[in-house]
Amino acid sequence: QKEVEQNSGPLSVPEGAIASLNCTYSDRGSQSFFWYRQYSGKSPELIMSIYSNGDKEDGRFTAQLNKASQYVSLLIRDSQPSDSATYLCAVNRYTGNQFYFGTGTSLTVIP
Amino acid sequence: DAGVTQSPTHLIKTRGQQVTLRCSPKSGHDTVSWYQQALGQGPQFIFQYYEEEERQRGNFPDRFSGHQFPNYSSELNVNALLLGDSALYLCASSSGTGVGSNEKLFFGSGTQLSVL
């Protein structure tokens, strides 16, 4: 079982729609959760972090965490073509600052 | 405020050779982690350096080694290169390695290594 699992997609949404990205993790001891955006040929860029159950909003982005279900999601409202990228879910386990990444979900926003 | 810097940006080597990649962390950060990202995959943790010592290591062979200098910069060395070592190598910096740390990782632009 992989530490972090994501649907690789590709996920396509029309401009202005809501994009929903999902992630599950295997270690119940995981403490912190992150979403990174990676454009093709570039390095990952941190867009959201979440540490407690519930929702966290930052602009057009909302991260959701459910530790009981070991589930993390990212919602992107009013999707723009510039949001087209691969979105990586990352989990930091309690045992130290070692991050586990999913394989990423490729998102395409169609103008 | 300088971010994480890596050099070189691209590198081409042949099988059996050795390579050294370099990283300077973001200002104010003292911890450097190295990740390998194969095409179409997420980053895989190689190891982490803090206070000039390797603190954690992922599932990588001993051919992968590293070093951290007093100014917190770091090197990744890979010996006896294999074709499968071709990947994007990412350096990430953070502050501290405390258990349960909620510190965020900030990535450099990476070094694209091609092994022929």
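What you see is a predicted model; the values in this text were computed from it and never measured.

Rules of the game
Residues numbered from 1 in each chain as written. Chains lettered and ligands numbered in written order. Predicted model: local features only at pLDDT ≥ 70, side-chain atom pairs only at ≥ 80, totals over all residues. Heavy atoms only, no water. Helix = DSSP H or I, 4+ residues; strand = E, 2+ residues; numbered from the N terminus. Contact = heavy atoms within 4.5 Å. Areas by Shrake-Rupley, 256 points an atom, 1.4 Å probe, with all protein chains shown as cover. Lys, Arg positive; Asp, Glu negative; His and termini not counted. Charge placed at Lys NZ, Arg CZ, Asp CG, Glu CD. Pairing = 2+ DSSP bridges. Axes fitted to C-alpha atoms, helices over the stretch in contact; angles between N-to-C directions. Salt bridge = Lys/Arg side-chain N within 4 Å of Asp/Glu carboxyl O. Buried < 20%, exposed > 50% of the residue type's maximum accessible area, 1.4 Å probe, protein only. Core = buried A, V, L, I, M, F, W, Y, C linked by side-chain atoms within 4.5 Å. 1 Å grid on protein atoms, 1.4 Å probe; cavity = no way out; pocket = protein on both sides within 12 Å on 5 of 7 lines; lining within 4 Å. Points joined across faces, edges and corners; volume = space filled by probe spheres on them. Disulfide = S-S within 2.5 Å.

Draft legend 1. Representation of the overall build of chain A within the structure. Within chain A, the secondary structure is distributed over 0 helices and 11 strands. When the elements of chain A are put in sequence order from the N terminus, they spell out β-β-β-β-β-β-β-β-β-β-β. With the C-alpha coordinates aligned to their principal axes, the bounding extent of chain A is approximately 45 × 30 × 20 Å. Here the analysis covers contacts within chain A between residues at least 6 apart in sequence; of these, 55% occur between residues at least 24 apart. Within the structure as shown, chain A displays about 5000 Å² of accessible surface, and the carbon and sulfur contribution to it stands at 47%. Positive and negative side-chain charges of chain A, numbering 9 and 10 respectively, have mean locations separated by a distance of 5 Å.

Draft legend 2. Expanded view of the sheet that holds strand 1 (residues 4-6) of chain A. Residues and elements named next belong to chain A. Spatially, 5 strands are ordered 1-3-8-7-6 in an open sheet, and the strand pairing comes out antiparallel. Each edge of the sheet is formed by a strand with only one pairing partner; in this case those strands are strand 1 and strand 6 (54-58). With strand direction ignored, the average angle separating the axes of adjacent strands in the sheet is 20°. Bridging between strand 1 and strand 3 (residues 19-25) involves 3 bridges; their strand directions are antiparallel.

Draft legend 3. Just the pattern of salt bridges, in detail. For the structure on display, the rule yields 7 salt bridges over all chains. Among the ionic pairs, Arg37(A) bridges to Glu45(A), the shortest N-O distance being 3.0 Å.

Draft legend 4. Fine view of unusual backbone geometry. All names here are of chain B. In this chain, Ser7 is followed by Pro8 through a cis amide linkage whose omega measures -10°. Assignment of secondary structure puts Pro8 in the loop between strand 1 (5-7) and strand 2 (10-13). Backbone geometry at Tyr72 places phi at a positive 80°, although glycine is not the residue there. Classification of Tyr72 by relative accessible area gives partly exposed; the value is 40%.

Draft legend 5. Representation of the nonpolar core in the model. By size, the foremost hydrophobic cluster in this structure holds 23 residues, and its most contacted members are Phe33(A), Trp35(A), Val72(A), Leu74(A), Ile76(A), Tyr87(A) and Leu107(A). Going through the elements one at a time, strand 3, strand 4 (32-38), strand 5 (45-50), strand 7 (61-66), strand 8 (71-76), strand 9 (85-92) and strand 11 (105-110) of chain A are the ones with two or more residues in this core. Membership of the second largest hydrophobic core comes to 20 residues, among which are Val4(B), Phe47(B), Tyr49(B) and Val78(B).

Draft legend 6. Just the layout of surface pockets, in detail. Estimated volume of the largest pocket: approximately 490 Å³. Forming the boundary of the largest pocket are 24 residues, of which Gln38(A), Gly41(A), Gln37(B), Leu39(B) and Leu88(B) lie nearest the centre. Those elements giving two or more residues to the lining of the largest pocket turn out to be strand 9 of chain A together with strand 9 (87-94) and strand 11 (111-115) of chain B. For the lining of the largest pocket, the leading source of residues is strand 9 of chain A, giving 3 residues. Taken as a whole, the second largest pocket holds about 300 Å³ of empty space. Lining the second largest pocket are 17 residues, and of these Tyr100(A), Phe101(A), Pro43(B), Gln44(B) and Phe45(B) sit closest to its centre. Going through the elements one at a time, strand 10 (99-101) of chain A together with strand 5 (44-50) of chain B are the ones with two or more residues in the lining of the second largest pocket.

Draft legend 7. Quick peek at the pairing of strand 11 of chain B. All names here are of chain B. Of the two faces of strand 11, the one holding Thr111, Leu113 and Val115 is buried and the one holding Gln112 and Ser114 is not buried anywhere. Here 4 bridges tie strand 2 to strand 11, and the two strands are oriented parallel to one another. Residue pairing for strand 11: Lys13 is matched across the bridge by Val115. As paired elements, strand 9 and strand 11 share 3 bridges and run antiparallel to each other. What sits directly across from Ala87, in strand 11, is Leu113.

Draft legend 8. Molecular detail of the state of the cysteines. What the rule picks out here adds up to 2 disulfides over all chains. Here Cys23(A) is linked by a disulfide to Cys89(A), with a sulfur-sulfur distance of 2.1 Å. Looking down the S-S bond of the Cys23(A) and Cys89(A) bridge, the torsion is -70°, so its handedness is left-handed. Within this pair, whereas Cys23(A) is found in strand 3, its partner Cys89(A) is found in strand 9, the two being separated by 66 residues in sequence. Just as Cys23(A) is buried, Cys89(A) falls in that class too. Residue pairing for Cys23(B): its cysteine sulfur links by disulfide to Cys91(B), the two sulfurs lying 1.8 Å apart. Disulfide Cys23(B)-Cys91(B): torsion about the S-S bond near -55°, hence left-handed.

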